[in-house]
Amino acid sequence: METKQYVAAHLESWLRDELFPLLRIPSISAQPEHAPDMYACARKWCELLLAAGADTAELLETTANPVVFAAKQVDPDAPTVLVYAHYDVMPVEPLDLWHTDPFEPVIRDGRLWVRGADDDKGQSFLQVKGFETALRNGWLHCNVKFLFEGGEEIGSPGLAEFCAGHREMLKADIILVSDNSMIGRDVPSITTGLRGLAYWEIEVTGPERDLHSGIFGGAVANPVNVLCKLIADITDADGHITIPHFYDDVEEVSAAERAMLAQVPHDDKAYAESLGVKALCGEKGYSTLERTAIRPTFDVCGIWGGYTAEGSKTVLPSKATAKVSCRLVPHQQHEKISRLFIDYIHAVAPDCVSVKVTPMHGGEGYVCPIDMPAYRIAERAYEKAFGKRPLAVRRGGSIPVIADFEKILGIKSLLMGFGLESNAIHSPNENQQLDIMEKGIVAVAEFYREFGKR
Ligand code: BES
Ligand code: ZN
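What you see is a predicted model, and the numbers here were worked out from it, not measured in a lab.

All right, on to the environment of Tyr366 then. Counting through the fold element by element, Tyr366 comes out in strand β15 (residues 366-367). Assessed through its relative accessible area of 2%, Tyr366 is described here as buried. Sequence spacing of Tyr366 and Ala35 is 331 residues, and the spatial spacing of their C-alpha atoms is 30 Å. Not counting residues within four places of it along the chain, the set of residues in contact with Tyr366 comprises Thr192, Gly193, Leu194, Pro330, Ile402, Glu406, Lys412, Ser413 and Leu415.

For the rest of this paragraph, the subject is the sheet that holds strand β13 (residues 319-328). Note: strands within a sheet are paired through backbone hydrogen bonds, in either parallel or antiparallel orientation. Pairing is antiparallel across the open sheet formed by four strands, whose spatial order is β11-β13-β9-β14. Looking at which strands have only one partner, the edges of the open sheet turn out to be β11 (297-305) and β14 (354-363). Taken over all neighbouring pairs, the strand axes of this sheet differ in orientation by 15° on average, direction set aside. Pairing geometry for strand β9 (residues 196-205) and β14, over nine bridges, is antiparallel. Bridged to Ile202 within β14 is Val357. Strands in contact with helix α5 (residues 223-232) are β9, β11 and β13; relative to β13, the strand with the most contacts, it is inclined by about 15°. Sitting on the sheet, helix α9 (residues 334-348) touches β9, β11, β13 and β14, and the angle it makes with β14 is about 170°.

Let us now look at unusual backbone geometry. Of the consecutive residues Glu93 and Pro94, the connecting peptide bond is found in the cis state with omega at 0°. Inspection of the secondary structure assignment puts Pro94 in the loop between β3 (80-86) and β4 (106-108). Residue Asp120 follows Asp119 across a cis peptide bond; omega there is 0°. Structurally, Asp120 is set in the loop between β5 (111-113) and α3 (121-136). For Ala424, which is not glycine, the phi torsion reads 55° and is therefore positive. Structurally, Ala424 is set in the loop between β17 (413-415) and β18 (431-433).

As a further point, take the site of ligand 1. Around ligand 1 sit 17 residues in total, of which Glu152, Asp179, Arg327, Ser398 and His426 are the nearest. Here an oxygen atom of ligand 1 and a side-chain polar atom of Glu153 are 3.1 Å apart. Residue Arg327 places a side-chain N or O atom 2.8 Å away from an oxygen atom belonging to ligand 1. For ligand 1, whose accessible area on its own is 520 Å², the fraction buried by protein is 90%. Looking at the shell around ligand 1 residue by residue, the class counts come to four nonpolar, eight polar and five charged.

So, on to the coordination of the zinc ion (ligand 2). Within the protein, the atoms that donate to the zinc ion (ligand 2) are Asp119 (OD), Glu153 (OE), Glu153 (OE) and His426 (NE2), at distances of 2.0 to 2.6 Å. Coordination at the zinc ion (ligand 2) comes from six donor atoms whose angles at the metal span 55 to 155°, giving a geometry best classed as irregular. Mapped onto the polypeptide sequence, the residues donating to the zinc ion (ligand 2) form the spacing pattern D-x33-E-x272-H. Of the two residues, Asp119 sits in the loop between β5 and α3 while Glu153 sits in the loop between β6 (143-149) and α4 (159-165), which places them 34 residues apart along the sequence. For Asp119, a relative accessible area of 5% corresponds to the buried category. Here Glu153 falls in the buried class, since its relative accessible area comes to 13%.

Let us now look at the sheet that holds β18. The antiparallel open sheet is built from three strands, whose spatial order is β4-β5-β18. Where the open sheet ends on each side, the last strands, each with one partner, are β4 and β18. Strand-to-strand twist across the sheet, computed as the mean angle between neighbouring axes with direction ignored, equals 25°. Seen against the sheet, helix α12 (residues 434-450) touches β4, β5 and β18 and runs at an angle of roughly 65° to β18.

Below, the discussion takes up the pairing of strand β7 (residues 174-177). Burial along β7 is two-sided: Ile174 and Leu176 and Ile175 and Val177, pointing in opposite directions, are all buried. As defined by bridge partners, β3 adjoins β7 across four bridges and the pair is classed as parallel. Residue Leu82 lies in a different strand from β7, and its bridge partner there is Ile175. Sheet analysis places β7 next to β17, joined by three bridges and oriented parallel. Bridged to Leu176 within β17 is Leu414.

About the criteria used
- Residues numbered from 1 in each chain as written.
- Chains lettered and ligands numbered in written order.
- Predicted model: local features only at pLDDT ≥ 70, side-chain atom pairs only at ≥ 80, totals over all residues.
- Heavy atoms only, no water.
- Helix = DSSP H or I, 4+ residues; strand = E, 2+ residues; numbered from the N terminus.
- Buried < 20%, exposed > 50% of the residue type's maximum accessible area, 1.4 Å probe, protein only.
- Contact = heavy atoms within 4.5 Å.
- Pairing = 2+ DSSP bridges.
- Axes fitted to C-alpha atoms, helices over the stretch in contact; angles between N-to-C directions.
- Near = heavy atom within 4 Å.
- Polar contact = N/O pair within 3.5 Å; in protein donor to acceptor, adjacent residues only side chain to side chain.
- Areas by Shrake-Rupley, 256 points an atom, 1.4 Å probe, with all protein chains shown as cover.
- Nonpolar A, V, L, I, M, F, W, Y, C, P; charged D, E, K, R; others polar.
- Donors = N, O, S within 2.8 Å, 3.2 Å for Na, K, Ca; no water.
- Tetrahedral: all angles 85-135°; square planar, octahedral: opposite > 155°, others 65-115°.

Below, the structure written as structure tokens:
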């Protein structure tokens, strides 16, 4: 049967009977009370992988959440694909902004609405179904292994150590990853680069207790004011990061690659409107696609301190805290950036407060070569599924373990993600367009049709 017909004939029952039960499990890695859900979700994946045709599927302990490992061997001499994905999801707060229950899948307007619809349950599901399609139709010519982790959204704790301890088990020729996105529904693309990340918590402490801001204000430093100034000074008026030596290792992307990026269809006005912002804003001298893919950034992810409840309270708070992060580009090492950041904050912080900077997690960026055979096979597979040759573009998100895979296992990853920016990953009302999911399954199945064929 043609791949497209096979997928179309099965999609509805695949969703209802297999994906939906998986989506209903609130596997939120950031919230410790969901620990039992992590196990439930991992066990569900074992079931689904066996049903899809894996010979074995098991849950393996790590120092953090368990990983799911499954394998299908067709021929010991054939090449091997390792599929990496994550079964954990981001927290769902703020709840009142969801139009429907975040953990009850709903199909509306051709889309699936639920936490994990894209990131990463929907995308891992399409990998598994692409594999199953190839297997059932008799055109799987390679061995396939699956490694699904439960902590990607919190920095993959324990996974690098797990890889170092299971080199033989994870041996493969290429890693397939769908945990990323395309340029647009009519602009299929393969992700050729990811950014790295470094993440810290900064705590500024002033007086030993909250003070009356009339009695003491003016004489005692206010930790919230100090923290805001520290943060504001990290970027200058041109959007450059002011931390000394921050840009030392930044890869200057070639003129040819910048020219290629400039060819990618993109409309700043429509982009701004789709996000509900009045105008765009970013580092001087770079386009939006460059700012979000090939340039490093600094962002505050959360900040709190002082009185935030209803009404007003005149107070000089004792403490202020922020969670902040930098997206990094290839060659910038997160540990080095972390040291630069911590030294910088301590150097500029005024003596009248104490400042504590705690590194939380980090990881390196990644670049995927487009001249490797697996990339070319993927390109042809996209062409069959989408009717268009996919563009090769770097994207701004991070999957830090991809660089670890290269370092520890010596295997390159191919980033075949089918997410769209409008899918609202990490946000309320996460969704996935079902026709794109269907094409994604076809593309993965077509990849297997060629990969390893003699
Ligand atoms: N799926 C994303 C990463 C992504 C999204 C890559 C879109 C490319 C395009 C992934 O699940 C994610 O969100 N990763 C975190 C990593 C962090 C917690 C270490 C991120 O990028 O914030
Ligand atoms: Zn994510």
